[in-house]
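Structural overview
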Amino acid sequence: MLSPPAALSVAVVAGVGRARLLIQSLVNCAARPIDRIDKADSQAMIIAMACATPLGGLCMADPNSFGNRAESGDLQPLLTRMQALEDREEIRNLIAGYGPLVDSGNAAGAADMWTDDGSYAVGGMGLHSGRAAVETILDSAGHHDLIGSGAAHLLGPVKIVLDGDSASATGLSIVFRHQADGFAAWRVSANRWALVRTDAGWRVQHRDNRLLDGDPAARALLAGDPETS
Amino acid sequence: MLSPPAALSVAVVAGVGRARLLIQSLVNCAARPIDRIDKADSQAMIIAMACATPLGGLCMADPNSFGNRAESGDLQPLLTRMQALEDREEIRNLIAGYGPLVDSGNAAGAADMWTDDGSYAVGGMGLHSGRAAVETILDSAGHHDLIGSGAAHLLGPVKIVLDGDSASATGLSIVFRHQADGFAAWRVSANRWALVRTDAGWRVQHRDNRLLDGDPAARALLAGDPETS
Amino acid sequence: MLSPPAALSVAVVAGVGRARLLIQSLVNCAARPIDRIDKADSQAMIIAMACATPLGGLCMADPNSFGNRAESGDLQPLLTRMQALEDREEIRNLIAGYGPLVDSGNAAGAADMWTDDGSYAVGGMGLHSGRAAVETILDSAGHHDLIGSGAAHLLGPVKIVLDGDSASATGLSIVFRHQADGFAAWRVSANRWALVRTDAGWRVQHRDNRLLDGDPAARALLAGDPETS
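Residues numbered from 1 in each chain as written. Chains lettered and ligands numbered in written order. Predicted model: local features only at pLDDT ≥ 70, side-chain atom pairs only at ≥ 80, totals over all residues. Heavy atoms only, no water.

1. What to know about the overall build of chain A
The number of helices and strands found in chain A is 9 helices and 7 strands. Scored against the burial criterion, the 229 residues of chain A give a buried share of 54%. Put simply, chain A shows about 9,000 Å² of open surface, and 56% of that area lies on carbon and sulfur atoms. (Helix = DSSP H or I, 4+ residues; strand = E, 2+ residues; numbered from the N terminus. Buried < 20%, exposed > 50% of the residue type's maximum accessible area, 1.4 Å probe, protein only. Areas by Shrake-Rupley, 256 points an atom, 1.4 Å probe, with all protein chains shown as cover.)

Right, dumping it as structure tokens:
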């Protein structure tokens, strides 16, 4: 049986007042559909509110208590982990779409993978800065001749490293060309993608591509040496 | 001491509409280990129930309040996002399993990737309709000769587009054949997988495969033109 | 307003058996920033806390009620599904990093993918047991000559099967070598990775690699026959 002094001390610990929280609780109650409220018994309602308030206050004030634990305490880390998985999935899907875009001759679609000021350093074919320049090379007569006679840009799985709103993806790519007796691996390259999160989703800021023909710079790119990408 | 009428009036707050919830609260309490319940104070417990009820009612009746917020309010969007990631993961894993199945001669296992009425259009080798027909071609003497002399079906990463209970996956595949001095890329193809969610998980409704030998239809497949798949 | 006696009687609800839970509630309250506390209305607070206590007791005592439902009831399955997706992502990323590591000559980094006692059976090149032995072969003159003249280890997508703290990943790999007129597929292999969860993340316990040159053991490996890995 709790004695009056005890009840008082409980009140003190509550830290007198929580007016804001009290009001908040009442607002929540008021927000409920009116048909849920039994208007017939106002005195009972006073008691009900009094009973509801402190717990409402506790719930709203302390993320480690009651209902809000899930919202404030448990879900945020879960949401953060979910976002990281979705970021990786989106980046993987973006890069997986590159081959189908360039092999079907959709230069504009492929260039849309890049940011406006994104760039693409093509091993042995120079640096192309800006989305328009990327589209130009992907729409070149040389590229259309390549795919017209049969070609495939296979981009292998990439190792993705997320860093907030930026990310890197590293992997190999092979360009196959059709020939009389099958297909030849014309270009086998190292690729390092620098990606950024934009309002339109993840986009390519820079793609560094180098032929794995013995060029030490290609190995440096795969090693993640900063000067290469 | 709260008078019976007062205690009753608190209960009234529950309102007729809360009867079910009140009962639920009492059941929850009853479900607690008996040693947690102070039997010495049954009258207090009666009041406790009365006080608890309206808030119990709030909790259970209003998805935006307290405990149920997490369950009804916050988790659903999270569950939807989780399901989408799991769908993508399952589809990617399904397609990644194709090579190991056909290269090990497991025609039945590979055919099980398809729905009963699924189909497979093999570039240059006709359309095979129905899982049984898919299994037949994957179990053909030609296929067994191919893998018997050394072959590998490499399916590259796929771009996955989810649409509820259906999805598409687009990517490249290479069939390597062993030869005296190494391996040759015998077939390099464009692939478009149309998948559907079934009670047994994601399955292939149709796989469209076309050699990237200059055939415009292969480029159209990669472009996602409807007529190709 | 509720009369003091009534407030007192409500406090009785706390019940002797709830002492521990009461204290827990108070600690939660005390943890709140002082500036959140309003100095008014102590009498209301007496009623409030007194009312809160028993229900606080209910909340904390019954994992199926109110706030704790979310934590104990709803989130655990979600957390389990999230973990499985993260495990798959980590394993996929680990294997995707193998090529860049060995093609850039980072033998130590590649060997770190393995557990201390992990092993690597290289088709045609023997079994290498222990991380040190794995590093030794990846740091051999033969390997450095290979990458020095231009080589790429493409590891295709893997089918991942999770089993708690262990997993398997099955897929194909191609080693391309640079040559005068492009690149040749020197080795095309079946791979079976046996992975384990460690304090440092997922690591390779054993990698079984066999050339797909017609060797039935390579097909058995892809079929997942136990004796092969």
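2. Considerations on the nonpolar core
Ranked by size, the top nonpolar core spans 39 residues in total, and within it A:Phe176, B:Phe176 and C:Phe176 carry the most contacts. Setting aside chain neighbours within four positions, we find A:Phe176 in contact with A:Gly150, A:Ala151, A:Ala152, A:Leu154, A:Phe183, A:Ala184, A:Ala185, B:Ile174, B:Phe176, B:Ala185, B:Val188 and C:Phe176. (Core = buried A, V, L, I, M, F, W, Y, C linked by side-chain atoms within 4.5 Å. Contact = heavy atoms within 4.5 Å.)

3. A look at the packing of aromatic side chains
The description of an aromatic ring pair rests on the distance of the ring centres and on the angle between the ring planes. For the coordinates displayed, the defined rule picks out 12 aromatic pairs over all chains. Geometrically, the ring pair formed by A:Trp114 and A:Trp193 is tilted, given 6.0 Å between the ring centres and 45° between the ring planes. Of this pair, A:Trp114 sits in strand 1 (residues 114-121) while A:Trp193 sits in strand 6 (residues 182-198), placing them 79 residues apart in sequence. Summarising the burial analysis for this pair, A:Trp114 and A:Trp193 share the class buried. The ring centre of C:Trp186 lies 5.9 Å from the NZ or CZ of C:Arg187, which sits over that ring. (Phe/Tyr/Trp six-rings, centres within 6.5 Å; stacked < 30°, edge-to-face > 60°. Lys NZ or Arg CZ within 6 Å of the ring centre and 35° of its normal.)

4. Let's talk about the UniProt feature "domain: SnoaL-like" (unreviewed entry) in chain A
Taken from the UniProt record, the annotation "domain: SnoaL-like" (unreviewed entry) applies to residues 83-208 of chain A. Helix makes up 33% of residues 83-208 of chain A and strand 48%, and the two end C-alpha atoms of the span are 26 Å apart. (UniProt positions renumbered as here; feature names shortened; annotations may be inferred.)

5. Brief notes about the pairing of strand 3 (residues 151-155) of chain B
Residues and elements named next belong to chain B. Counting buried residues along strand 3, 5 of its 5 residues qualify, which places the element largely inside the surrounding structure. Going residue by residue along strand 3, you find Ala151, His153 and Leu155 tucked away on one face and Ala152 and Leu154 tucked away on the opposite face as well. The pairing of strand 3 with strand 5 (residues 166-179) spans 5 bridges and is antiparallel. Bridging from a neighbouring strand, Leu154 pairs with Ile174 of strand 5. (Pairing = 2+ DSSP bridges.)

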